[in-house]
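Close look at the chain arrangement
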Protein chains: 2
Amino acid sequence: MSYSIKDVADMMGVTTSTLRYYDKEGLLPDVERKNGIRVFEDKDFKWSRVLNCLKNTNMPIKKIKEYVDLAQKGDSTLNERYQLIKEQKANILAQIEQLNYYLKEIEYKEWYYETAIERGTEKEVESVSSPKATLDIDQIPKK
Amino acid sequence: MSYSIKDVADMMGVTTSTLRYYDKEGLLPDVERKNGIRVFEDKDFKWSRVLNCLKNTNMPIKKIKEYVDLAQKGDSTLNERYQLIKEQKANILAQIEQLNYYLKEIEYKEWYYETAIERGTEKEVESVSSPKATLDIDQIPKK
DNA sequence: CCTTGACTTAAAGTTTACTTTAACTTATAT
DNA sequence: ATATAAGTTAAAGTAAACTTTAAGTCAAGG
């Protein structure tokens, strides 16, 4: 099975230009060419899915490149790659935690506006007893 | 109670330069000055916490500015602000969902490397029965 | 054969979100 | 009083991640 650059771009939800940019940055090693045109094989397609995963969990391109370079070196870098993946997992978990924290703040705001709209004004909505008590300043996750 | 720019910057986990930049972009309306120096009152501090929430849930500065401008107009924009907040809530939920999806992919990779390290090589790890079956391509969330 | 659409490159341009610099003023501590 | 720390501005600089442009090549349909 083989895929065009458009196939892969569609799978990743990016443009073909973006994919070519990734290639130029070294994120797509060893993609074959036929008459100068990129032909993605199954291994490249799978690799693109890994890239997509790292990219969509906010790993910077430079860091992804490090991972690519490690993978290129073969079995001797298995441990380094394992550490990198575990780091990224911790990263994702932290992101989810942070989003859940701010979700609560937004839900308070949602209630705030519902109450304000009911009353026709924002004035004194803050002093109305809210279903979720105002969040504690000390709990703001530090970046 | 009043706060210095540093106090607010520390609360938000940004530098004072960043806060001045936000101010210049109009995200901090009506902060008073004493001898040219910004003095944040309780209302400004609270507002900064809202900014921080929107910023850390990946709302672009331009969109935050729209929200600021609506808030400046008073009660007549309550509904618009409510819609914007609901939009952002949906946004956060989508982000969490996406992160949870990719977390599973990363956990597969984690298992993959644990197995490869045990065996000393990556070769044929893919064909080993994994605890979490390989994820289906069709399930990749589109951006 | 010819057009249309997809592919190619290198290089320049864009956007977002800061960050740094320089020159200066104000506040705090000894 | 004086040094140091923290505040101020406008403007230029930076970094990341694309995006666009220009000029071309290649493959398929009518």
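Report on the accompanying structure. This is a predicted model, so every value here is computed, not measured. (Residues numbered from 1 in each chain as written. Chains lettered and ligands numbered in written order. Predicted model: local features only at pLDDT ≥ 70, side-chain atom pairs only at ≥ 80, totals over all residues. Heavy atoms only, no water.)

1. So, the protein's contact with DNA strand C
What counts, and what does not: Being near a molecule or strand, for a residue, means having at least one of its heavy atoms within 4 Å of it. Pairing of N or O atoms within 3.5 Å defines a polar contact, subject to two protein rules: one partner must be a possible hydrogen donor and the other a possible acceptor, and residues neighboring in sequence count only if both atoms are side-chain atoms. Segments assigned H or I by DSSP are reported as helices when at least four residues long, segments assigned E as strands when at least two residues long, and all are numbered from the N terminus. In this classification, Asp, Glu, Lys and Arg are treated as charged, Ala, Val, Leu, Ile, Met, Phe, Trp, Tyr, Cys and Pro as nonpolar, and every other residue, Gly included, as polar.
Taken together, 18 residues surround DNA strand C, and among them R20(A), R38(A), T18(B), Y22(B) and N35(B) come closest. For DNA strand C, the fraction of atoms within 4 Å of the protein that belong to sugar or phosphate moieties is 83%. With respect to DNA strand C, the side chain of T18(B) contributes an N or O atom lying 2.9 Å from a phosphate oxygen. Between Y22(B) and DNA strand C, the recorded distance is 2.7 Å, taken from a side-chain N or O atom to a phosphate oxygen. Secondary structure elements with two or more residues in the surface near DNA strand C: helix 1 (5–12) and strand 3 (37–41) of chain A together with helix 2 (16–24) and helix 4 (61–72) of chain B. Per element, the largest residue contribution to the surface near DNA strand C is four residues, and it comes from helix 2 of chain B. Of the residues belonging to the surface near DNA strand C, the class tally is seven nonpolar, six polar and five charged.

2. Overview of the sheet that holds strand 1 (residues 2–3) of chain B
Residue and element names in this part refer to chain B. Heads up, the rule is: Only strands that DSSP links by at least two bridges are regarded as paired with each other.
Strand order across the open sheet formed by three strands is 1-3-2, with antiparallel pairing between neighbours. Lying at the two open borders of the sheet, with one neighbouring strand each, are strand 1 and strand 2 (32–34). Sheet topology places strand 2 next to strand 3 (residues 37–41); three bridges connect them, and they run antiparallel. Each residue of the ladder has a partner; that of R33, found in strand 3, is R38.

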